[in-house]
Amino acid sequence: MERRDILKLITAATGVAMVGADAFAWDKVPDATSAKAAGFTAEDISLLNEIGETILPATATPGAKKANVGDTMVGLVADCYTPPEQAEFRQGLKAIDVESKAAFSKPFLLLSATQRHELLTKLDSIAKAQDEKVGLGWAVHQKPSHRNMEDKGPVPHYFTLMKQLTLFCFFTSEVGATQALRYVSIPGKYDGDMPYQKGDRAWAT
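Given the structure is predicted, the values throughout are model-derived calculations rather than measurements.

Thresholds, definitions, all that
- Residues numbered from 1 in each chain as written.
- Predicted model: local features only at pLDDT ≥ 70, side-chain atom pairs only at ≥ 80, totals over all residues.
- Heavy atoms only, no water.
- Helix = DSSP H or I, 4+ residues; strand = E, 2+ residues; numbered from the N terminus.
- Buried < 20%, exposed > 50% of the residue type's maximum accessible area, 1.4 Å probe, protein only.
- Contact = heavy atoms within 4.5 Å.
- Areas by Shrake-Rupley, 256 points an atom, 1.4 Å probe, with all protein chains shown as cover.
- Axes fitted to C-alpha atoms, helices over the stretch in contact; angles between N-to-C directions.
- Left-handed = near helix turned anticlockwise from the far one by under 90°.
- Salt bridge = Lys/Arg side-chain N within 4 Å of Asp/Glu carboxyl O.
- Expected span 1.5 Å × (residues − 1).
- Arc of directions from axis to C-beta.

Q: I keep staring at the overall build of the chain and nothing clicks. Help me out?
A: The number of helices and strands found in the chain is eight helices and two strands. Shown N-terminal to C-terminal, the secondary structure of the chain runs as helices and strands in the order α-α-α-α-α-α-α-α-β-β. Within the chain, the proportion of its 205 residues that are buried is 44%. The long-range fraction of contacts in the chain, counting pairs at least 24 apart against all pairs at least 6 apart in sequence, stands at 68%. Looking at the chain as shown, the accessible area adds up to about 11,400 Å², and 55% of this sits on carbon and sulfur atoms.

Next comes the structure, spelled out in structure tokens:
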């Protein structure tokens, strides 16, 4: 699956163009040296892996936790998000547990798989409604040539950010590309008559 196809998938799944994609394409930013340096803890990464696993659970193929999406997510937040986007994402980590305790009287990590799915489905609906209300639905968040770290415009709901990064980090990971998708190294031999069966997984390149 090409990166542009992943970005289209993310936009279709969340209703908002990929946040931070402008940084991927345009800015040269310093790498976060570690999760701790970026202001995230091991507990944050564990929570993000569990959230990701609820969004993309293991089935016949590995899920998001196998790809350790949480570790990649915090790096992208630190390197590619503007300060308002980072603040929304960080407060979202706390808000997940607040919502979980309000609904089930216990933190997210203690919920059953069914309860986690119910909670995140609710948050997904709330996020889409809020993003649409502030004018972010189906909109390009920022133009690559006009990225402004001081932008004060509306920021997507924290669950939109988490869902986007889960999808992006999984499908660009080794696990996602080689086990959830079919992978062929490039360059490789040309085959103009590759057999196709209905329902075959997409290719990762």
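Q: What should I look at first to understand the packing of helix α5 (residues 83-104) against helix α6 (residues 113-133) in this one?
A: Their axes nearest at 11 Å, the elements α5 and α6 cross at an angle of 115 degrees. Along this stretch, α5 crosses α6, giving a crossing that reads as right-handed. Contacts between α5 and α6 involve I96, E99, S100 and F104 from the first element and Q115, E118, L119, L120, K122 and L123 from the second.

Q: Where do I start with the pattern of salt bridges in this structure?
A: A side chain with one charge can pair with a side chain of the opposite charge if their charged atoms come near. The final tally for this structure, using the stated rule, is four salt bridges. Of the charged contacts, one joins E50 and R116 as a salt bridge, the two residues approaching to 2.8 Å between their closest N and O atoms. Taken as a pair, E50 in helix α3 (residues 42-55) and R116 in helix α6 lie far apart in primary sequence, 66 residues in all. Given a relative accessible area of 11%, R116 falls into the buried group.

Q: Looking at this structure, I do not really get α6. What am I missing?
A: With 21 residues, α6 extends 30 Å between its outermost C-alpha atoms, agreeing within 8% with the 30 Å of an ideal straight helix rising 1.5 Å per residue. Listed as buried for α6 are Q115, R116, L119, L120, L123, D124, A127 and D131. Along α6, the residues classed as buried sweep out an arc of 170 degrees about the axis, all on the same side. Seen from the buried face of α6, the exposed residues on the opposite side, beyond 90 degrees, are T114 and K133. Looking at the buried side of α6, the elements it contacts are α3, α5 and α7 (158-171). Directly beyond the C-terminal end of α6, a positive phi value near 90 degrees is found at G135.

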